[in-house]
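Remarks on the overall topology
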Amino acid sequence: MIIILHLYDLTIHLQNEIKMRILLFFLLIPVLLLGQDPDKVEIIPQKLTDNIYMIKGSGGNLGLMIGPEGTLLIDSQFAPLSEKIKTTIKTLTDSPVKYLLNTHWHGDHTGGNENFAKDGALIIAHDNVYKRKSTDQIRPFGRSTDAAPKLAQPVISFNDHLSMHINGENIMMLHDHVGHTDGDAIVYFPESNVIHMGDTYFQGKYPYIDLGSGGDVESLLKSLNRTLFLCDDETQIIPGHGNLSNRGELKNYRDMIQEVFTRVKQAMGAGLSLVEIQNSNPTKNFDEVYDGGFIKKDKFVEIIFKNLDKGE
Ligand SMILES: [Zn+2]
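So, here's what we can say about the structure. Predicted model only: the values in this text are computed from it and were never measured.

Here we take up the pairing of strand β2 (residues 52-56). Counting buried positions along β2 gives 5 out of 5 residues, so the element sits mostly inside the fold. Along β2, one buried face is formed by Ile52, Met54 and Lys56 and the opposite face, lined by Tyr53 and Ile55, is buried too. In the sheet, strand β1 (residues 44-47) pairs with β2 via 4 bridges, with the strands oriented antiparallel. In the strand pairing of β2, Ile44 is matched with Lys56. Hairpin connection, β2 to strand β3 (residues 62-65): the antiparallel pair is bridged by 5 residues, and Gly59 has positive phi, about 100°.

Given below as structure tokens:
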């Protein structure tokens with residue numbers, strides 16, 4: 001009987017602990033989403049040309065173009081950072097954001113959409129960003145994401161490319177292939193020789209390919225090849241995450257993904273299991289450069305494996 005009571009106490013104790021952990025988790029969600037306390041995030045602009053900036057904060061890197069025909073912002077990070085981002089933009093121009101371009105639908109790139117739309121920003125993105133932002137989404141691991149408020153959704157969406165002609169630039173939003181998601185767009189400023197790649201490029205890190213959002217490794221490689229074709233040695237490349245980059249680094253990144261992809265594919269062809277492939281360490285000569293990010297080497301291998309394993 002005493003043992004049963006102890007077991008009962010233990011069960012109650014465990015239940016309370018689980019409840020406490022769940023409560024703590026929900027209390028911590030804003031910090032978890034941001035990765036850090038919003039009050040402590042610094043919004044840091046880096047000047048690339050006379051009127052184009054890369055801005056770091058928390059979440060995806062922002063791109064900013066200022067000029068007489070309107071302020072253009074690429075991505076919007078997390079909602080709690082919007083006021084800080086607006087304050088930073090005000091130090092560079094008196095004009096509020098007129099055009100807000102989304103490189104894809106993920107919350108660390110679109111979380112501030114509504115806050116900028118309230119000030120009159122017109123949101124532009126690929127058709128699949130509109131589809132995912134305007135409907136409830138079932139995510140991997142049973143997570144779900146509700147449709148965004150109307151104001152946070154793109155007003156203009158496009159299929160493969162869209163051109164804008166402002167501030168002396170013929171800006172292109174290009175979507176040739178799915179990659180990180182099915183709604184990726186890169187933003188190309190040909191006159192200024194600047195490209196914002198969204199999350200098709202995690203500078204200095206293994207890539208995240210969101211299979212649950214239509215991402216695909218082989219298509220990402222095609223997309224990277226297309227972007228390399230647009231670049232020369234002077235191109236300034238804004239990655240979705242990481243530091244300002246260049247063609248040489250992007251080429252090494254493409255080569256790394258291609259090499260690991262080929263190794264995993266060959267190992268799968270030889271009948272190896274995921275764990276056996278991970279244990280064979282197919283990323284070994286790249287870990288020193290790329291294994292410090294959100295996606296660790298084993299996860300990267302798992303993504304490739306699952307991507308190739310689909311339907312078999
Ligand atoms: Zn992303």
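Back to the write-up after that little detour.
The subject of this paragraph is the packing of helix α6 (residues 217-230) against helix α7 (residues 247-269). At a minimum axis separation of 10 Å, α6 and α7 run at an interaxial angle of 155°. Comparing the axis directions of α6 and α7 gives the class roughly antiparallel. Note on packing geometry: the crossing formed by α6 with α7 is left-handed. Across the interface between the two elements, Val217, Leu220, Leu221, Leu224, Asn225, Thr227 and Leu228 from α6 touch Arg247, Leu250, Lys251, Arg254, Ile257, Gln258 and Phe261 from α7. The residue makeup of the contact of α6 with α7, split by class, is 8 nonpolar, 3 polar and 3 charged.

Reading across the sheet, the 7 strands line up as β1-β2-β3-β4-β5-β6-β9 and stay open at both edges, with mixed pairing between neighbours. Both edges of this open sheet fall to β1 and β9 (156-158), since each of them pairs with a single strand only. For this sheet, the mean angle separating the axes of adjacent strands, direction not counted, is 20°. With 3 bridges joining them, strand β5 (residues 97-101) and strand β6 (residues 122-126) adopt parallel strand pairing. If you follow Leu100 over to β6, its bridge partner there is Ile123. In this fold helix α5 (residues 127-134) packs onto β6 and β9, with an angle of close to 110° to the strand it touches most, β6.

This part is about the packing of α7 against helix α10 (residues 297-309). The interhelical angle for the contact between α7 and α10, taken along N-to-C directions, is 55°, at an axis separation of 10 Å. Between α7 and α10, the angle falls in the class oblique. In this structure, the crossing between α7 and α10 has a hand that is right-handed. For the pair α7 and α10, contact is made by Val260, Phe261, Val264, Lys265 and Met268 and by Phe300, Val301, Ile304, Phe305 and Leu308, respectively.

Looking now at the sheet that holds strand β14 (residues 236-238). The mixed open sheet is built from 5 strands, whose spatial order is β10-β11-β12-β13-β14. Two strands close off the open sheet at either side, each with one partner strand: β10 (161-166) and β14. Taking each pair of neighbouring strands and ignoring which way they run, the sheet shows an average axis angle of 15°.

Bringing the nonpolar core into the picture now. If you look at the biggest cluster of nonpolar residues, it comprises 66 residues, and the most contacted ones within it are Leu64, Leu73, Leu100, Leu101, Val187 and Ile304. A per-element tally of this core places α7 first, with 7 residues. Among residues more than four places away in sequence, those in contact with Leu100 are Leu73, Ser76, Asn113, Phe116, Ala121, Leu122 and Ile123.

Definitions and limits used
- Residues numbered from 1 in each chain as written.
- Predicted model: local features only at pLDDT ≥ 70, side-chain atom pairs only at ≥ 80, totals over all residues.
- Buried ≥ 20, exposed ≤ 12 C-beta atoms within 10 Å, placed from the backbone.
- Helix = DSSP H or I, 4+ residues; strand = E, 2+ residues; numbered from the N terminus.
- Pairing = 2+ DSSP bridges.
- Axes fitted to C-alpha atoms, helices over the stretch in contact; angles between N-to-C directions.
- Parallel < 35°, antiparallel > 145°, perpendicular 65-115°, else oblique.
- Left-handed = near helix turned anticlockwise from the far one by under 90°.
- Contact = placed C-beta atoms within 7 Å.
- Nonpolar A, V, L, I, M, F, W, Y, C, P; charged D, E, K, R; others polar.
- Core = buried A, V, L, I, M, F, W, Y, C linked by C-beta atoms within 7 Å.

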